[in-house]
Amino acid sequence: MTRKPIAQLARKYTEYDMIARHTDLPAFPEGRVRLLQAVLADLQDLGGQAELYPLATSLVQLGLDTHDLVENEVSGAKTPTKQMRARQMKVLAGDYFSGRFYHLLSQAGQIETVKRLSEAVCEVNRIKMSLYGKMKQMRMNAEEYVSYGSAIRGGLFMSFGHLMSGMYAKLWPELVERFSRCELLLQELLRLQRPDELSGSWGVWHVMGEGSAEDRRALEERADDHGLLRQLMDKYGVADKLVALLRQSAGQLQAMLPKLPSDKLAAELASLIEPFLNGPTWVPAAAIKELG
């Protein structure tokens, strides 16, 4: 039976007219959702739940990510009235997505899944608070940043481990963690092309850990100076280091595929890993080839 893409099913909720007219939404969590859908579809006796669970989880994730946009939004991009309206709409959109997840699962009688996802949301928010606290105090290092970010991205998806047994149960936590790590590292590479998004990025924490005393002091005093951030990213070869980390994590993820009980599933997950192995198109081909 052909599976419908979850992103297509979610459009019923994400393309709600009022939301689309007044605000932008975060990117749909395509990779993690497809990972969950692929593994659940390979399990026995889940039936339509193999589609329901990823759809509901995608809506919860969108709700969390939309609320994060409110916290991270930069002032001054729009007139005050439009900016306030967009912020209000993001809050409402995040609440709307969260409400839809509850409605979908409760209608299907999946109260236990509602409970587990709700607990996962609480844990993700706890991790976020810890991350933000460390960042504010400048007590973060680059590896901690990746660990926190991976846990935040994968938290909701980890909650489905109870449905799995055997090799699936054994591999699922590492699959989610490695996949989330790769997504985060790829996003950090893409941030290097957008100087206004470099504040608080992986490169900042790398420089804070490996940079000279003078450069660390400059970062602490001028954390929002786009020109300084761009200069330091180049000085410390942040792009090359991120490519190396991404390829390493993608290779570890790829090495897990032969352990999967299903060749069909392994092939499907291989296609999800491919973008991590190739890297962004702007990364010099020589760097990719050298690291491969």
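Residues numbered from 1 in each chain as written. Predicted model: local features only at pLDDT ≥ 70, side-chain atom pairs only at ≥ 80, totals over all residues. Heavy atoms only, no water.

1. Details of the overall build of the protein chain
When you go through the protein chain residue by residue, the secondary structure sums to 14 helices and 0 strands. Going from the N terminus to the C terminus, the protein chain shows its helices and strands as α-α-α-α-α-α-α-α-α-α-α-α-α-α. Counting over 292 residues, the protein chain shows a buried share of 47%. For the protein chain, the share of sequence-separated contacts (at least 6 apart) that also reach a separation of at least 24 residues comes to 74%. (Helix = DSSP H or I, 4+ residues; strand = E, 2+ residues; numbered from the N terminus. Buried < 20%, exposed > 50% of the residue type's maximum accessible area, 1.4 Å probe, protein only. Contact = heavy atoms within 4.5 Å.)

2. With respect to the side chain of S201
Here S201 is to be found in the loop between α8 (166–191) and α9 (202–210). Contact partners of S201, with chain neighbours within four places excluded, come to Y145, E188 and R191.

3. Quick notes on the pattern of salt bridges
Side chains that differ in charge, positive against negative, can pair when their charged atoms come close. This structure, assessed with the given rule, holds 14 salt bridges. Put simply, D68 and K128 hold a salt bridge, and the shortest N to O gap is 2.8 Å. Of this pair, D68 sits in helix α4 (residues 49–72) while K128 sits in helix α6 (residues 111–136), placing them 60 residues apart in sequence. What makes D68 buried here is its relative accessible area of 18%. One salt bridge connects R230 with D234, and the closest N-O pair in it is separated by 3.1 Å. You can see R230 and its partner D234 sitting in helix α11 (residues 226–235), 4 residues apart, about one turn around the helix. (Salt bridge = Lys/Arg side-chain N within 4 Å of Asp/Glu carboxyl O.)

4. Some details on the confidence of the model for the protein chain
Counting all residues, the mean pLDDT for the protein chain is 88, and 90% of those residues have values of 70 or more. Taken element by element, the protein chain is modelled with least confidence in helix α14 (residues 285–291), mean pLDDT 40, and with most confidence in helix α7 (residues 142–158), mean pLDDT 98. Taken as a whole, residues 284–292 scores under 50 in pLDDT and shows 12 contacts with residues more than four places along the chain or in a different chain. (pLDDT = per-residue confidence, 0-100.)

5. Topic: α11
Restricting attention to buried positions, one finds in α11 the residues L228, L229, L232 and M233. Down the axis of α11, the sector holding all buried residues measures 135°, keeping them to one side. Exposed side of α11, more than 90 degrees from the buried face: Q231, D234 and K235 are the residues found there. Its buried side turned inward, α11 meets α9, α10 (213–221) and α12 (238–256). Two to three positions downstream of the cap, the backbone nitrogen of G227 sits 3.1 Å from a side-chain oxygen, assigning the N-cap of α11 to D225. Backbone geometry just downstream of α11 places G237 in the positive-phi region, at approximately 55°. (Arc of directions from axis to C-beta. Polar contact = N/O pair within 3.5 Å; in protein donor to acceptor, adjacent residues only side chain to side chain.)

6. A few points about the environment of L69
Tracing the backbone through its elements, the reader meets L69 in helix α4. L69 sits 43 residues away from P26 along the chain, and the two C-alpha atoms are 7.5 Å apart.

7. Regarding the side chain of R247
With respect to the helices, strands and loops of the structure, R247 is situated in helix α12. Despite being buried, R247 has no salt bridge partner; E274 is the closest side chain of opposite charge, sitting 8.4 Å away. In terms of polar contacts, R247 uses its side chain to reach the backbone carbonyl oxygen of L277, at 3.3 Å. (Lys, Arg positive; Asp, Glu negative; His and termini not counted.)

8. Some thoughts on the packing of aromatic side chains
Applying the stated criterion across every chain, the model contains 3 aromatic pairs. Taking the centre distance of 5.2 Å and the plane angle of 70° together, the rings of F179 and F276 count as edge-to-face. With F179 in helix α8 and F276 in helix α13 (residues 263–278), this residue pair connects regions lying 97 residues apart in the sequence. Grouping residues by exposure puts F179 and F276 together as buried. (Phe/Tyr/Trp six-rings, centres within 6.5 Å; stacked < 30°, edge-to-face > 60°.)

9. Here's the deal with the nonpolar core
By size, the foremost hydrophobic cluster in this structure holds 87 residues, and its most contacted members are W172, L269 and F276. With 11 residues, α8 is the largest single contributor of residues to this core. Residue contacts for F276: discarding those within four places in its chain leaves F179, C182, E183, L186, L246, R247, A250 and L253. (Core = buried A, V, L, I, M, F, W, Y, C linked by side-chain atoms within 4.5 Å.)

10. Section: the packing of α7 against α9
Two elements in contact, α7 and α9, have axes separated by 8 Å at closest approach and are oriented at 150°. With respect to α9, the axis of α7 lies roughly antiparallel. Here A142, Y145 and V146 of α7 lie close against α9, whose contacting residues are W202, W205 and H206. Here the contact of α7 with α9 is composed, by residue class, of 5 nonpolar, 1 polar and no charged. (Axes fitted to C-alpha atoms, helices over the stretch in contact; angles between N-to-C directions. Parallel < 35°, antiparallel > 145°, perpendicular 65-115°, else oblique. Nonpolar A, V, L, I, M, F, W, Y, C, P; charged D, E, K, R; others polar.)

11. A closer look at unusual backbone geometry
A negative phi angle characterises most non-glycine residues, just as the trans form characterises most peptide bonds. For M138, which is not a glycine, the phi torsion comes out positive at approximately 55°. Counting through the fold element by element, M138 comes out in the loop between α6 and α7.

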